[in-house]
Amino acid sequence: MTSSLDGIGNAQEAAKRNLWLHFTRMSSYEDSDVPVIVRGSGAYVFDQHGRRYLDGLSGLFVTQVGHGRQEIAEAGARQAAELAYFPLWSYAHPKAIELAARLAELAPGELNRVFFTTSGSEAVESAWKLAKQYFKLTGEPGRYKVISRDIAYHGTSMGALAITGLADIKHPFEPLVPGGVRVPNTNFYRAPDFLAGDEAMFGQWAADEIERAILREGPESVAAVFLEPVQNSGGCFPPPPGYFERVRDICDRYGVLLVSDEVICAFGRLGYYFGSERYGYQPDIITFAKGVTSGYAPLGGMMVTDKLMEPFSSGTATFLHGITFAGHPVSTAVALANLDIFEKEDLLGNVRANEAAFRATLEKLYDLPIVGDVRGAGYFYGIEMVKDKVTRETFTSEESERLLRGFLSQALFDAGLVCRADDRGDPVVQLAPPLICGQEHFDEIERILRAVLTEAWARL
Ligand SMILES: Cc1ncc(COP(=O)(O)O)c(C=O)c1O
């Protein structure tokens, strides 16, 4: 056992011997150091050698207000000193009450009830459980299935994994929770030939695929549809015009709940507190996590409409679900301090004012032969890489392995940019910088991507 980490050598040894990194091939560090991030300030983080990196992914779509915010750290410390912990099982505490009221104020429509969790997976899990119990209490006990989109990521716990649309991360854990049904996503760049070139028709088709799935499964068996405002996995698929309006209509027609999974898209990522606000639709449930605290402490949750709460608000009915650390006093205090910064610094305004510039800066990369599509919204972008821009031919799995795992991820990091090279759909580089960023950060992102993507193309 290693007891002291005062030397970099010791930390490396212990990282390799004792720590298990998430979604990481541990063998990839056999011959190289595990990167150790020790400190953050604004849009930058620093490693154990003092090297600086632009945090182009906000950690993991989390650090909206940037790193090193003293006032958030202090709010957490004050709360820990006053009341470090008490559960939300039968009791409340002031910060959970205050945050719930503040979120209800910010959320669209009748989303007035907040059920806290500690993570996004738990938020998704909670939303599915609520949908099931709600329908059992309201005379439709057969409704348990959930519809979600191809390649979409909704978390890793067993329920959330059944909603996730990524076959590779599901197979090892089968059999999964029954009831997960998949429909096409809104990747317009890869739209079927008969819809290519007409985004509105593509959106109509993709929404109608949800209706077809409901009819195929039997409407009396479908509880909910889980959709992100902009789908992350696959590299940022924004909704085509009219898509959510049509989905809302379909859900209403068949009595199915619309869950907006905003674990990434809420809290300013798209320039609004909630992504559903940006696209003008009213969800029955919003799931959130990540940006609610900017990562200064873990917190997630779901917001539900008064109508969904109704069967639980009288008599003996109880939502039979709970999590020890959900709505933790320190996390809720931190979330309130985080939202204070959003207001004080008008971070939503900053994203709205700068998003066109962010897009335009990334679109400069279109002159590179490897850049096929630049897509996204707000401060949330994916850049799809292709072998042939004209035919949109993608890479073989061997090329993708060599390009992404063998070169890109490490090269981008070595060049000073934290972002994500991902091939869970077609190969993409994903970007989601802190909401405090401006043109100088966009330029730095573009400069590094240009150099590294040029080198990647030369190596193919
Ligand atoms: C849309 C969405 N839902 C759920 C999750 C799961 O969140 P967590 O990792 O906090 O469990 C994620 C995580 O990235 C996500 O992007």
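Residues numbered from 1 in each chain as written. Predicted model: local features only at pLDDT ≥ 70, side-chain atom pairs only at ≥ 80, totals over all residues. Heavy atoms only, no water.

**A few points about the site of the ligand**
- Taken together, Ser-119, Gly-120, Ser-121, Tyr-153, His-154, Gly-155, Glu-228, Asp-261, Val-263, Ile-264 and Lys-290 form the complete shell of residues around the ligand.
- Contact distances for the ligand include 2.8 Å between an oxygen atom and a backbone N or O atom of Gly-120.
- Asp-261 has a polar side-chain atom sitting 2.8 Å from a nitrogen atom of the ligand.
- Of the residues belonging to the shell around the ligand, the class tally is three nonpolar, five polar and three charged. (Near = heavy atom within 4 Å. Polar contact = N/O pair within 3.5 Å; in protein donor to acceptor, adjacent residues only side chain to side chain. Nonpolar A, V, L, I, M, F, W, Y, C, P; charged D, E, K, R; others polar.)

**Remarks on the side chain of Asp-208**
- On the secondary structure map, Asp-208 appears in helix α8 (residues 199-217).
- Not counting the four nearest positions on each side in its chain, Asp-208 is found in contact with Arg-246 and Ile-250. (Helix = DSSP H or I, 4+ residues; strand = E, 2+ residues; numbered from the N terminus. Contact = heavy atoms within 4.5 Å.)

**Digging into the sheet that holds strand β1 (residues 37-41)**
- The mixed open sheet is built from four strands, whose spatial order is β1-β2-β3-β13. If you trace the sheet from one side to the other, it starts and ends with β1 and β13 (417-418), each paired once.
- Running over the sheet, helix α15 (residues 439-459) touches β2 (44-47), β3 (52-55) and β13 and is turned about 110 degrees from β3. (Pairing = 2+ DSSP bridges. Axes fitted to C-alpha atoms, helices over the stretch in contact; angles between N-to-C directions.)

**Let's talk about the sheet that holds strand β12 (residues 380-385)**
- Taken together, four strands build an open sheet; the order of strands is β11-β12-β15-β14 and the sheet is antiparallel. Both outer strands of the open sheet, β11 (371-377) and β14 (420-422), are each paired with one neighbouring strand and no more. Shown here is a sheet whose adjacent strand axes are inclined to one another by a mean of 20 degrees, direction ignored.
- Pairing analysis gives three bridges linking β14 to strand β15 (residues 428-431), with the strands arranged antiparallel. Its bridge partner lying in β15, Arg-420 is registered against Gln-430.
- Lying on the sheet, α15 is in contact with β11, β12 and β15; it crosses β15 at an angle near 165 degrees.

**Considerations on the packing of aromatic side chains**
- Throughout the structure, instances matching the rule amount to 20 aromatic pairs.
- Taken together, a centroid distance of 6.0 Å and an interplanar angle of 75 degrees make the contact between Phe-267 and Phe-288 edge-to-face. On the criterion of sequence distance, the pair formed by Phe-267 in the loop between β8 (257-261) and α10 (275-279) and Phe-288 in strand β9 (residues 285-288) is long-range, its members being 21 residues apart.
- Linked through ring pairs, Phe-188, Phe-194, Phe-202 and Trp-205 together constitute an aromatic cluster.
- Sitting over the face of the ring of Phe-135, Arg-143 holds its NZ or CZ atom 5.3 Å from the ring centroid. (Phe/Tyr/Trp six-rings, centres within 6.5 Å; stacked < 30°, edge-to-face > 60°. Lys NZ or Arg CZ within 6 Å of the ring centre and 35° of its normal.)

**Looking at the environment of Ala-353**
- Assignment of secondary structure puts Ala-353 in helix α13 (residues 347-363).
- Distance in space between the C-alpha atoms of Ala-353 and Gly-378 is 9.5 Å, their sequence separation being 25 residues.

**Re helix α4 (residues 94-106)**
- Here α4 spans 18 Å end to end across 13 residues, near enough to the 18 Å set by a 1.5 Å rise per residue.
- Considered for burial, the residues of α4 that qualify are Ala-96, Leu-99, Ala-100, Arg-102, Leu-103 and Ala-104.
- Buried-residue contacts for α4 involve β4 (111-117), β9, β10 (300-305) and α12 (329-344). (Expected span 1.5 Å × (residues − 1). Buried < 20%, exposed > 50% of the residue type's maximum accessible area, 1.4 Å probe, protein only.)

**Structural notes on the environment of Glu-345**
- Its place among the elements puts Glu-345 in the loop between α12 and α13.
- On the accessibility criterion, Glu-345 (34% relative accessible area) is partly exposed.
- Ignoring sequence-local partners within four residues, the contact set of Glu-345 consists of Arg-69 and Ile-436.

**Structural notes on the packing of helix α14 (residues 397-414) against α15**
- Between α14 and α15, the least distance of the axes is 10 Å, while the angle of their chain directions is 150 degrees. Here α14 is positioned roughly antiparallel relative to α15, judged by the angle of their axes. With respect to the hand of their crossing, α14 and α15 are arranged in right-handed fashion. Between α14 and α15, the residues in contact are Arg-402, Leu-403, Phe-407, Leu-408, Ala-411 and Leu-412 and Ile-448, Leu-449, Val-452, Leu-453, Glu-455, Ala-456 and Arg-459, respectively.
- In terms of residue class, the contact of α14 with α15 is built from ten nonpolar, no polar and three charged. (Parallel < 35°, antiparallel > 145°, perpendicular 65-115°, else oblique. Left-handed = near helix turned anticlockwise from the far one by under 90°.)

**What about the pattern of salt bridges?**
- Summed over all chains, the structure comprises 26 salt bridges.
- Taking the shortest distance from any N to any O, the salt bridge between Arg-248 and Asp-252 comes out at 2.7 Å. Of this pair, Arg-248 and Asp-252 both sit in helix α9 (residues 243-254), separated by four residues, roughly a single helical turn.
- Arg-424 is the salt-bridge partner of Asp-422, the closest N and O atoms lying 3.0 Å from each other.
- Given the relative accessible area of 7%, Asp-422 is considered buried.
- Here the residues in one salt-bridge network are Arg-190, Asp-373, Arg-375, Glu-384 and Asp-426, joined through shared partners. (Salt bridge = Lys/Arg side-chain N within 4 Å of Asp/Glu carboxyl O.)

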